[in-house]
Amino acid sequence: MKKLLYLFLVIPLVLLGQDNHVLIFDGINREYLVYTPESYDSSLDYPVMFNFHGGSGYANDFIYTNDMRPIADTANFIAVYPQGAIDPEGGTTSWIHKAPTDHDDIFFVEAIIDAMSLEYSIDQSRIYACGYSEGAILSYELGCRLNDKIAAFAAVSGSMLEDYYRNDIYGWGPCSPVHPTGMMLIPGTVDQNPHSTYEGLSYGDMPLYMSANDITNYWSNYNNTDINPVVTDVVNSAPNDGSTVERKLWLNGDNCVSVQELKVINGDHDWPGSFGNMDINASEEIWNFVSQFNLEGQIDCDQLSTHDLKNSTHNRELIKVIDVLGRIITKHENKNQILFYIYNDGSVEKILK
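Here's what I pulled together on the structure shown here. Please read these numbers as outputs of a predicted model, since none were measured by experiment.

Here we look at the overall build of the protein
Within the protein one finds eight helices and 20 strands. In the structure as shown, the protein presents an accessible area of about 15,700 Å², 51% of it carried by carbon and sulfur atoms.

In structure tokens:
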């Protein structure tokens, strides 16, 4: 672990509850915005939600695209918006700096956590991350390389690096999570940005970015979830946006952890709810998902019953899905209610949709 030298300064902003912080990291003045909920009480510990803008972006703008502030006021967490530094080659704001520097934003985020722990009352077991585009790539890296501090994370319109890219180009070694980790991705199927195509990207024989399917396979395998996801269609509440959303859930992972994909069919390089698809609000979906978990897994998970259920259901087959009135529900029907999944071994799962 590289040694860090950082200085912590606070510059109040006009907006109530929102502060601009400056931290010296790797000899560079780095900034991040912190929003505390209206009911903030220093005697209580609060979850922390990191939000990373895309490449060439700015935290001051991203806070409006991915506005976690009203959600933080209701759910009582601290929202953090770090600012990417200037890339020495491209001259634009960037995450995970490229050669010729050895700068690594993983340690910048770690430094922010350390600095925040001195000023705010934070719950160290409930630190989350999400990002857009290049910020999504950083979120994956935090899930891989700062996993001892990140409880769960989400990625929107951005992919996870292939091991070749991580090892041969950056020299980081393979992704190495250390605890069951809830993760969510929100990809668009027609996104043509090189680092976020649904099918992944290779250059010749060099695999660079993972496909959405490879990403969900990696994290569902790591978390030991059910092999097959529960798939439902999200209500097409905005038929004029040109896209629809399919929700895929891999359930029953270790410590009740799950993996979720919100597949935006005909979705581009977007942040749903702000631009592109309007059937879902990505910010709300992300918080609703990650907030279920801490560093141990799903909060209040009944580990014994989950373990017993997994041992008895590896080879089971789904017979039918019914609602509370006993009516059969088709696979792609949308129901905002409790559903019962009935299997051929007699087991039943109750899932709130």
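That shown, we press on.
Examining the packing of aromatic side chains
A complete count under the given rule lists 19 aromatic pairs for this structure. Centroid distance Phe25 to Phe108: 5.7 Å. Interplanar angle 45°. Geometry classified as tilted. Highlighted residues: Phe25 in strand E2 (residues 18–25) and Phe108 in helix H3 (residues 105–119), separated in sequence by 83 residues. The pair Phe25 / Phe108 is uniform in exposure class, with both members buried. A centroid spacing of 5.9 Å and a plane angle of 5° characterise the contact between Phe50 and Phe52, whose relative ring orientation is stacked. Cluster of aromatic residues (ring-pair linked, three or more members): Phe62, Tyr81, Tyr132, Trp271 and Phe275. The lysine or arginine in question, Arg145, covers the ring of Trp172, its NZ or CZ lying 3.9 Å from the ring centre.

Quick look at empty space enclosed by the protein
In this structure the tally under the stated criterion is two cavities of 30 Å³ or more. Within this model, the largest cavity holds a volume of roughly 80 Å³. Lining the largest cavity are 14 residues, with Gly158, Ser159, Leu185, Pro187 and Ser196 positioned closest to its centre. For the lining of the largest cavity, the elements supplying multiple residues, two or more each, are strand E10 (182–186) and helix H6 (212–223). Classifying every residue of the lining of the largest cavity by side-chain character gives nine nonpolar, five polar and no charged. One number sums up the size of the second largest cavity: a volume of about 40 Å³. Every residue along the wall of the second largest cavity is listed here: Val156, Ser157, Ile186, Pro187, Gly188, Val264, Gly267, Asp268, Asp270 and Pro272. In the lining of the second largest cavity, the residues fall into five nonpolar, three polar and two charged.

Focus: unusual backbone geometry
With phi around 70°, Ser56 is a residue other than glycine that occupies positive phi space. Looking at where Ser56 falls in the secondary structure, it is placed in the loop between strand E4 (46–52) and helix H1 (59–65). Classification of Ser56 by relative accessible area gives partly exposed; the value is 42%. Notably, Ile96 is not glycine yet its phi reads approximately 55°, a positive angle.

Looking at the packing of H3 against helix H4 (residues 134–145)
It is at 10 Å that the axes of H3 and H4 come closest, and there the two elements cross at 75°. One finds that H3 runs roughly perpendicular with respect to H4. On H4, the residues that touch Asp105, Ile106 and Val109 of H3 are Leu138, Glu141, Leu142 and Arg145.

Some words on the pattern of salt bridges
Using the criterion set out here, one finds seven salt bridges in the structure. Put simply, Arg69 and Asp67 hold a salt bridge, and the shortest N to O gap is 2.9 Å. In this structure, the salt-bridge partner of Glu141 is Arg166, at a minimum N-O distance of 2.7 Å. Here the residue Glu141 occupies a position in helix H4, and Arg166 occupies one in helix H5 (residues 163–169), the gap between them amounting to 25 residues. Here the salt bridges do not stand alone but share partners, grouping Asp104, Glu141, Arg145 and Arg166 into one network.

About the thresholds
Residues numbered from 1 in each chain as written. Predicted model: local features only at pLDDT ≥ 70, side-chain atom pairs only at ≥ 80, totals over all residues. Heavy atoms only, no water. Helix = DSSP H or I, 4+ residues; strand = E, 2+ residues; numbered from the N terminus. Areas by Shrake-Rupley, 256 points an atom, 1.4 Å probe, with all protein chains shown as cover. Phe/Tyr/Trp six-rings, centres within 6.5 Å; stacked < 30°, edge-to-face > 60°. Buried < 20%, exposed > 50% of the residue type's maximum accessible area, 1.4 Å probe, protein only. Lys NZ or Arg CZ within 6 Å of the ring centre and 35° of its normal. 1 Å grid on protein atoms, 1.4 Å probe; cavity = no way out; pocket = protein on both sides within 12 Å on 5 of 7 lines; lining within 4 Å. Points joined across faces, edges and corners; volume = space filled by probe spheres on them. Nonpolar A, V, L, I, M, F, W, Y, C, P; charged D, E, K, R; others polar. Axes fitted to C-alpha atoms, helices over the stretch in contact; angles between N-to-C directions. Parallel < 35°, antiparallel > 145°, perpendicular 65-115°, else oblique. Contact = heavy atoms within 4.5 Å. Salt bridge = Lys/Arg side-chain N within 4 Å of Asp/Glu carboxyl O.

Take it as geometry only, folks, not as evidence of what the structure does.
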